[in-house]
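# Structural features, examined
What follows is each chain in one-letter form.
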Amino acid sequence: MSLKHALLGLLSERPASGYDLLKRFETSLANVWPATQSQIYTELTKLAGSGLITVAAEGPRGRKEYTLADEGLAELRHWLTETRPQRNTRSDLLLRVFFLGVLRPEQARTYLTELVEMSAREHEQLRQLDEAIDWDDDNLSVYGRIALEYGLRFNAMRREWAEWAAAQIK
């Protein structure tokens, strides 16, 4: 996935400014695809330059509201249907687990216990996000909630796995 497609997807719901998109990232995509303000504004400039989005309105202090162009919707649909998701094959977390044998057993267990705690914290943050969002029947709510559920289940699984793994170390 790319930031480009995330922005096109958000703009498919409704027009938005860069600030609005940043806030929507924070409340809907943070556990899927985080982005900084500078990354978002840089990508919006590229998307507008390539004709995938247009500036629908300009306001005070240079505020721009962007809307999805027909070409942008076509690109989003192409990405969703014609390209395969890339499997994330790199995991710093698991690479470290693979080499925990070079540590003393208590250090290895500490690392895994920290993963338990991190997973519990992230699960709680997502649970709070779920409670804070005013879900409705629009596409972003329906599919956003499905993605959020993935994050909740993933963190629960990782916590359970890390507890099991810590117990394996003698």
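For the structure, check the block above.
Now for a description of the structure that goes with this document. Note that the structure is a prediction, hence the values are computed from the model and not measured.

We now examine the sheet that holds strand β2 (residues 53-58). Ordered by their spatial adjacency, three strands build an open sheet running β1-β3-β2, and the pairing between neighbours is antiparallel. The open sheet is flanked by β1 (16-17) and β2, the only strands paired with a single partner. Summarising the sheet, β1 and strand β3 (residues 64-68) pair through two bridges and their orientation is antiparallel. Each bridged residue has a counterpart across the sheet, and for S17 the counterpart in β3 is E65.

Evaluated as defined, the whole model comprises ten salt bridges. Notably, a salt bridge pairs D20 with R63, separated by 3.1 Å at the nearest N-O pair. Of the two residues, D20 is situated in helix α2 (residues 18-29) and R63 in the loop between β2 and β3; the sequence distance between them amounts to 43 residues. By relative accessible area, which is 39% here, R63 ends up partly exposed. A salt bridge links E106 to R104, with the nearest nitrogen and oxygen atoms 2.8 Å apart. Judged by relative accessible area, which is 48%, R104 ranks as partly exposed. Each of the salt bridges in this network shares a partner with another, and the network as a whole consists of E124, R127 and E131.

On to the packing of helix α1 (residues 3-11) against helix α3 (residues 37-49). At a closest axis distance of 10 Å, the pairing of α1 and α3 adopts a crossing angle of 80°. Here α3 runs roughly perpendicular to α1, going by the angle between their axes. Packed against α1, whose contacting residues are L3, K4, L7, L8 and L11, the element α3 presents Q39, I40, E43, L44 and L47 at the interface.

The rules behind the values
- Residues numbered from 1 in each chain as written.
- Predicted model: local features only at pLDDT ≥ 70, side-chain atom pairs only at ≥ 80, totals over all residues.
- Heavy atoms only, no water.
- Pairing = 2+ DSSP bridges.
- Helix = DSSP H or I, 4+ residues; strand = E, 2+ residues; numbered from the N terminus.
- Salt bridge = Lys/Arg side-chain N within 4 Å of Asp/Glu carboxyl O.
- Buried < 20%, exposed > 50% of the residue type's maximum accessible area, 1.4 Å probe, protein only.
- Axes fitted to C-alpha atoms, helices over the stretch in contact; angles between N-to-C directions.
- Parallel < 35°, antiparallel > 145°, perpendicular 65-115°, else oblique.
- Contact = heavy atoms within 4.5 Å.

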